Amino acid sequence: MSAASPLAAQHLLVPMDDAQRNHLKAYGLTYSALQRTEKAEWLLNYRGGAFLLLDTPATRRRAGIDGVSLTSLDVGALAAIRTEMAGGNFDAVPLERAPKVAIYSPPSANPWDDAVTIALDYAGIPYTKVWDPEVIAGDLAKYEWLHLHHEDFTGQYNKFYISYRGSPWFINQVNRTVAQARQLGFNNVPALKKAVAEKMRAYVENGGFLFAMCGATETLELAIAGANVDISSGFADGTPMDADADQKMDWSRAFAVQNAHLEPSPLINSMSDIDGHQVNVPGRRRALGTFSLFAFSAKLDPVPTMLTQNHRSVLQDYYGVTTSFTKSTLKPGTRVLAYEDGMPLAKYIHGSYGKGAWTFLGGHDPEDPQHEVGAAPTDLSLYPSSPGYRLILNNVLFPAAQKKPRKT
Amino acid sequence: MLARSWVLSASLALAVTVPLSAQESGTSTTDSLVVRALDLEDSKPRDAAVLYRRAFSGTGMMPALLGLERVYTNLGMIDSLLPLVRSAIRADPRSGVVRSVQLRTLSVLQRDDELTAAVRDWVRAVPGEAAPFKEYARLLLESGRSAAADSVLTVASRMVRDPRDFSAELAQVAAAQRMWNEASRRWRETLTQTPQLYQAAIFALSLATGVARDSVRTNLTAEPVWLPARRVLASLELIWSQPRQAWLAFTGVKADAEAVAAWKEFADEADARGMPVASREAWAAIYRKTGEAASALRAADAALASGDAATALQLASAAQGVLSAPLGLRDAVPVRLRSLAAMGRAADALALVDSVRPKVVPAQLQLLERDLMWAWLRVGDAARARPLVVRLDEDEATALLAIYDGDLDKARLALRNADASNTLLLSPRALLSRTTLPTSKEIGAAFTALARRDTATALTQLLNTATEIGDAAPLVLAMAARLLTASGDDARAVPLWTRIVSDFSTSPEAAEGDLEWARAALRARDGGTAIARLEHLLLTYPSSALAPQARRELESARRMAETS
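Residues numbered from 1 in each chain as written. Chains lettered and ligands numbered in written order. Predicted model: local features only at pLDDT ≥ 70, side-chain atom pairs only at ≥ 80, totals over all residues. Heavy atoms only, no water.

1. Re the overall build of chain A
Part 1: Check the secondary structure of chain A and you find 13 helices and 15 strands.
Part 2: For chain A, with 408 residues in total, the buried portion stands at 60%.
Part 3: Excluding contacts between residues fewer than 6 apart, the proportion of contacts in chain A whose partners are at least 24 apart in sequence is 75%.
Part 4: With the model as given, the accessible surface of chain A reaches about 14700 Å², and the carbon-plus-sulfur share is 54%. (Helix = DSSP H or I, 4+ residues; strand = E, 2+ residues; numbered from the N terminus. Buried < 20%, exposed > 50% of the residue type's maximum accessible area, 1.4 Å probe, protein only. Contact = heavy atoms within 4.5 Å. Areas by Shrake-Rupley, 256 points an atom, 1.4 Å probe, with all protein chains shown as cover.)

2. Points about the overall build of chain B
Part 1: The number of helices and strands found in chain B is 33 helices and 0 strands.
Part 2: Out of the 564 residues belonging to chain B, those deemed buried represent 48%.
Part 3: Considering only contacts within chain B whose residues lie at least 6 apart along the sequence, 50% involve residues at least 24 apart.
Part 4: Split by element, the accessible area of chain B, about 26300 Å² in all, is 53% carbon and sulfur.

3. With respect to the packing of aromatic side chains
Part 1: Tallied over the full model, the rule gives 23 aromatic pairs over all chains.
Part 2: Measuring from ring centre to ring centre gives 6.1 Å for Phe 294 of chain A and Phe 296 of chain A, while their planes differ by 55°; the resulting arrangement is tilted.
Part 3: Taking the centre distance of 5.3 Å and the plane angle of 75° together, the rings of Phe 250 of chain B and Phe 266 of chain B count as edge-to-face. You can see Phe 250 of chain B sitting in the loop between α15 (243–248) and α16 (257–272) and its partner Phe 266 of chain B sitting in helix α16, a full 16 residues away along the chain. Phe 266 of chain B shares its class with Phe 250 of chain B; the two are buried.
Part 4: The ring of Phe 291 of chain A carries the charged tip of Lys 347 of chain A above its face, separated from the ring centre by 5.5 Å.
Part 5: Over the ring of Trp 517 of chain B we find Arg 533 of chain B; its NZ or CZ atom is 4.0 Å from the centre of that ring. (Phe/Tyr/Trp six-rings, centres within 6.5 Å; stacked < 30°, edge-to-face > 60°. Lys NZ or Arg CZ within 6 Å of the ring centre and 35° of its normal.)

4. Examining helix α2 (residues 57–66) of chain A
Part 1: By the burial criterion, the buried members of α2 of chain A are Thr 59, Ala 63, Gly 64, Ile 65 and Asp 66 of chain A.
Part 2: Where α2 of chain A is buried, its residues touch β1 (11–14), α1 (23–35) and β3 (50–54) of chain A together with α32 (527–540) and α33 (547–563) of chain B.
Part 3: Just downstream of α2 of chain A, Gly 67 of chain A is the residue with a positive phi angle, here 75°.

5. Let's talk about the side chain of Thr 30 of chain A
Residue and element names in this part refer to chain A.
Part 1: Take Thr 30: it is sitting in helix α1.
Part 2: Of the residues examined, Thr 30 reaches a relative accessible area of 0% and is grouped as buried.
Part 3: Each residue touching Thr 30, except ones within four places of it in the same chain, is listed here: Ala 40, Phe 51, Leu 53, Leu 95 and Leu 397.

6. Some remarks on unusual backbone geometry
Part 1: In this chain, Glu 223 of chain B is followed by Pro 224 of chain B through a cis amide linkage whose omega measures -5°.
Part 2: Structurally, the position occupied by Pro 224 of chain B is in the loop between α13 (212–220) and α14 (227–239).
Part 3: The phi torsion at Tyr 157 of chain A lies on the positive side, around 50°, for a residue other than glycine.
Part 4: Exposure remark for Tyr 157 of chain A: the relative accessible area of 7% places this residue in the buried category.

7. Thoughts on the nonpolar core
Part 1: In terms of nonpolar packing, the biggest core is built from 110 residues, with Tyr 104, Leu 146, Leu 148, Phe 153, Met 200 and Leu 210 of chain A touching the most fellow members.
Part 2: In this structure, Leu 148 of chain A is in contact with Tyr 104, Phe 153, Met 200, Leu 210, Phe 211, Ala 212, Met 213, Ala 216 and Leu 220 of chain A, ignoring residues within four places of it in sequence.
Part 3: Formed by 65 residues, the second largest nonpolar core is a distinct cluster that contains Leu 337, Leu 340, Ala 399 and Ala 414 of chain B. (Core = buried A, V, L, I, M, F, W, Y, C linked by side-chain atoms within 4.5 Å.)

8. Description of the pairing of strand β8 (residues 145–148) of chain A
All names here are of chain A.
Part 1: Burial of β8 is two-sided: the residues Trp 145 and His 147 facing one way and the residues Leu 146 and Leu 148 facing the other way are all buried.
Part 2: Of the pairings in the sheet, the one linking strand β6 (residues 101–104) to β8 comprises 3 bridges and is parallel in character. From the neighbouring strand, Ala 102 faces β8, where its bridge partner is Leu 146.
Part 3: Pairing of β8 with strand β9 (residues 209–213), which is carried by 4 bridges, proceeds in the parallel orientation. Along β9, the bridge assignment pairs His 147 with Phe 211. (Pairing = 2+ DSSP bridges.)

9. Remarks on the interface of chain B and chain A
Part 1: Facing the 19 residues of chain B at the interface are 20 residues of chain A.
Part 2: When the two sides are added together, the surface that chain B and chain A hide from each other amounts to roughly 1700 Å², 46% of it contributed by carbon and sulfur.
Part 3: Connecting chain B to chain A are 4 salt bridges.
Part 4: Between Lys 25 of chain A and Glu 555 of chain B there is a salt bridge, and its shortest N-O distance comes to 2.8 Å.
Part 5: Linking chain B with chain A are 8 residue pairs in polar contact (both at pLDDT 80 or more).
Part 6: Mapped by element, the contributors of at least two residues to the side of chain B that touches chain A are α9 (146–157), α11 (180–193), α32 and α33 of chain B. (Buried area = accessible area lost by both parts, 1.4 Å probe. Salt bridge = Lys/Arg side-chain N within 4 Å of Asp/Glu carboxyl O. Polar contact = N/O pair within 3.5 Å; in protein donor to acceptor, adjacent residues only side chain to side chain.)

10. Some points on the pairing of strand β2 (residues 40–44) of chain A
Residues and elements named next belong to chain A.
Part 1: Of all the 5 residues making up β2, 5 are buried; the element is thus mostly covered by neighbouring parts of the structure.
Part 2: Pairing of β2 with β3 involves 4 bridges; the strand directions are antiparallel. Residue Leu 43 lies in a different strand from β3, and its bridge partner there is Ala 50.
Part 3: Counted along the chain from β2 to the antiparallel partner β3, the turn is 5 residues long, and its residue Asn 45 has a positive phi close to 70°.
Part 4: In the sheet, β2 pairs with strand β5 (residues 91–95) via 5 bridges, with the strands oriented antiparallel. Paired with Leu 44 across the bridge in β5 is Asp 91.

11. Looking at the pattern of salt bridges
Part 1: All chains considered together, the criterion is met by 60 salt bridges over all chains.
Part 2: Between Asp 242 of chain A and Lys 248 of chain A there is a salt bridge, with its nearest N and O atoms 2.6 Å apart.
Part 3: Residue Lys 248 of chain A is classed as partly exposed on the basis of its relative accessible area, which comes to 45%.
Part 4: The closest approach of N and O atoms between Asp 489 of chain B and Arg 492 of chain B, which form a salt bridge, is 3.5 Å.

12. Examining the confidence of the model for chain B
All names here are of chain B.
Part 1: Taken residue by residue, chain B gives an average pLDDT of 89. The fraction at 70 or more is 95%.
Part 2: Low confidence marks residues 1–27, where pLDDT is under 50. Its contacts with residues over four positions away, or in another chain, come to 24 contacts.
Part 3: Reported confidence for the predicted complex is 0.75 by ipTM and 0.70 by pTM. (pLDDT = per-residue confidence, 0-100.)

13. Some points on α14 of chain B
All names here are of chain B.
Part 1: Along its 13 residues, α14 runs 18 Å from first to last C-alpha, staying within 8% of the 18 Å computed at 1.5 Å per residue.
Part 2: Of all 13 residues making up α14, 11 are buried, and the element is well covered by its neighbours.
Part 3: Of the surrounding elements, those touching the buried residues of α14 are α11, α12 (198–205), α13, α15, α16 and α17 (276–290).
Part 4: Positive phi appears at Ser 241, one or two residues downstream of α14, with a value of about 60°. (Expected span 1.5 Å × (residues − 1).)

14. Some thoughts on the sheet that holds β1 of chain A
All names here are of chain A.
Part 1: A sheet is described by the order of its strands in space; here 5 strands give the open sequence β4-β1-β3-β2-β5, paired in antiparallel fashion. Each edge of the open sheet is held by one strand with a lone partner, namely β4 (71–73) and β5. Shown here is a sheet whose adjacent strand axes are inclined to one another by a mean of 25°, direction ignored.
Part 2: As judged from the 3 bridges shared by β1 and β4, these two strands associate in the antiparallel manner. By the bridge assignment, Leu 13 is partnered in β4 with Thr 71. (Axes fitted to C-alpha atoms, helices over the stretch in contact; angles between N-to-C directions.)

15. So, the environment of Thr 290 of chain B
All names here are of chain B.
Part 1: Within the element layout of this structure, Thr 290 appears in helix α17.
Part 2: Sequence-wise, Thr 290 and Ala 257 are 33 residues apart; in three dimensions their C-alpha atoms are separated by 9.3 Å.
Part 3: Among residues more than four places away in sequence, those in contact with Thr 290 are Val 260 and Ser 295.

16. Things to note about the environment of Ala 310 of chain B
Part 1: Counting through the fold element by element, Ala 310 of chain B comes out in helix α19 (residues 309–322).
Part 2: Counting along the chain gives 32 residues from Ala 310 of chain B to Ala 342 of chain B, while the straight-line C-alpha distance between them is 8.9 Å.

17. So, the confidence of the model for chain A
Part 1: Of all residues in chain A, 95% have pLDDT values of 70 or greater, and the mean over the chain is 90.
Part 2: Under a pLDDT of 50 for its full length, residues 1–8 of chain A has, in the predicted model, 22 contacts with residues more than four places off or in other chains.

18. Focus: the packing of helix α22 (residues 362–378) of chain B against helix α23 (residues 382–392) of chain B
Residue and element names in this part refer to chain B.
Part 1: At a minimum axis distance of 9 Å, the contact between α22 and α23 shows a crossing angle of 135°. Accordingly, the angle class assigned to the pair α22 and α23 is oblique. Crossing of α22 against α23: the hand is left-handed. The segment α22 lies against α23, with Gln 366, Glu 369, Arg 370, Leu 372, Met 373, Trp 376 and Leu 377 engaging Arg 384, Ala 385, Leu 388, Val 389, Arg 391 and Leu 392.
Part 2: Grouping the constituent residues of the contact of α22 with α23 by class yields 8 nonpolar, 1 polar and 4 charged. (Parallel < 35°, antiparallel > 145°, perpendicular 65-115°, else oblique. Left-handed = near helix turned anticlockwise from the far one by under 90°. Nonpolar A, V, L, I, M, F, W, Y, C, P; charged D, E, K, R; others polar.)

Written as structure tokens, this is what we have:
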């Protein structure tokens, strides 16, 4: 065991294997302990990625209210755990502070929901919503963790105009976004979204943690790599996509992807070949299967180990505007955290960039495999042990971990 | 689960195929071998195998092959089938049955390469036909490889004459992949060609959960209105425990003979599932369409079971108008009487019994008087009930009457052998289990007042009792508080809930006290108090059955506190 020194007081173990009654609230419990500046540890690979907290009245109280399972540990019991962990693929990572969380989300309601917002609300982890004006004004520097979900950073409204151009919510969204772009001094929405994407790229480069899901992953990469290329169809900016856009993309600036190919047709609901499932293109769509989490060495690779802590290793897949990542488009340094079983696709990827790090998780809602526009949001009280939602919450606590040099 | 449905369909096919073959060939030696083998399959499978082998060499190759597949599977020697299959394929390369046996056998043996080669060989033998792909996709689905099945069918759709042949398989694949929108759309298409598969559609779609069910509903109720799709949805709603939605699935369906047949089938299904709300609506609709008294009576029974006594009375009266006088007396009057009793119209019940008293035999009269006795007991009229209770001597009735009299010891005695399911006795039983008092006029008066719906008197008597009833005090206080809460009198209810929580904190009612106190606070827009009470409940009674509900309401209370 490398990092943690034994804490002096009595402790509480928050098991994260099948003995836990509410896995998702356990993250909120740990976050709240960090908010109170109490020391905590993340016991990687031990009992599903258990947490070790100080035995305080506040922690016990919150655990009782939230229905989180706890086990009291005296000094002897804790020593036995540490001895067991020293001999296997385990590690204890100190968690030091509650990261300040920002969610990039429009102020208006959309007819879809955001799995991260749902997860944080349910777990009781506070966050601040930011949108284009705040990002352009440079507010991202105030936060340690930024989440993106369904946004289309190519400025093409996820190409929903193909199916929803007559829907009031879509018309409102277009009008609102166009007005916002003008207000912020941009000629069109793609220009605004590229500027926002660039701010986010710089945020990570300067040490921020970025977590993206669904369509935000793919379009952020396209917007960054295509910063100086017209990659949007005429619907969005009044001019067709540059016919040579593919050749002009600068993938060296992107986080995860290289050599991807843009979808040139404005009438095909796909952005590029980064997404392996192409859910909205009937002829190309791949069926859902399962995806498997990689097992990493806790001592040698603590960061990927943290991000993949779970009580399940094989999970039911779920669609999103971007569901998965074609492996052939990933940069060599990209860490695949989960792969689609039997397919050349990654589901969950991670990497470092400058002083910061990013994580992409494909799909929209881990508990709603074919989430559709207008569908009701998932009620997580019905899925308190959702293994898919755990992946999201792993990312929230990851910036809380004490930084230590990677051993590989 | 999915695999089981395919196995089931295969077994049905066998069950039909084999006896028919035997019947058609009459007394031929080969067929008698098959029949003898069939008899021996369970008891002497090795002897059956010998007979099937002999039959295989004769004219009964097909049933023998299928029999051998079953027997060899049970004997764990399915690989012995392959040489016979190859021989059969040489004899008839286009035989779908033989090819299917080959594929199943190779699949069981997990010889994937040979399986793929066998599929290709079959495709070459029957170019443009869907059968090889269907069978292969089915096997892949059975083994849980839905993505592979999807790929096979996608490729096959471009190779066959009519891609619609795959509609059922594609629907199965979509369901296996939990793509409920596509699955329900495809099942609807499938049913237009093969309506007999509607049970398979119900089974496949029943596994949809949560909001995914909405897309199933949308597809099955899409225009144009189509009875088979609505029938499937109605069954699904029953399986999903949504009886009201189940009947609404038929909304817009033209009420013709076909619809009536579907309604009857649905009503029987609802009855079998114990869902009288759905059954009531269906039988009532059938009655309106056909005018059949039997349907009206089924509707009335279901209405009574669902707690809708007024509708039951109406339907039973209508049925009596249609039936002959003797049948009306026998079938409709008891339902009318039970309806009146359930509605608390004991005087009308008495009038009904008096009106038929001269026309019925003693045994029938005794049954009617039993219902009349419960009518009086239900409204708390001990004086009118007493002679009937004494004469009919039923434990449950005796116990309830004793409770009204305040004779708790007598009630205990009668309840020893009483039917525990009688809902009128739930509260008395709970009370008696918590007190050792032999008698209590106040308790008798309280229960009598409750039966008479005299809330004010009941409250007074319950509160008077609370001080002298020992361990049952929190139960009595909770009964009083529930009455006040139900009538919207939070100002008087909250002090009682408070008293239960503070003075009887270890009682079974304490968690309920916290929850109701919190709810009253929420109604008063006092989020702080609500949060405090719910947190107290969760921390003090963590294993209470109310804890999950308290956690949900705590979220609401927090939102309220934030917004205010």
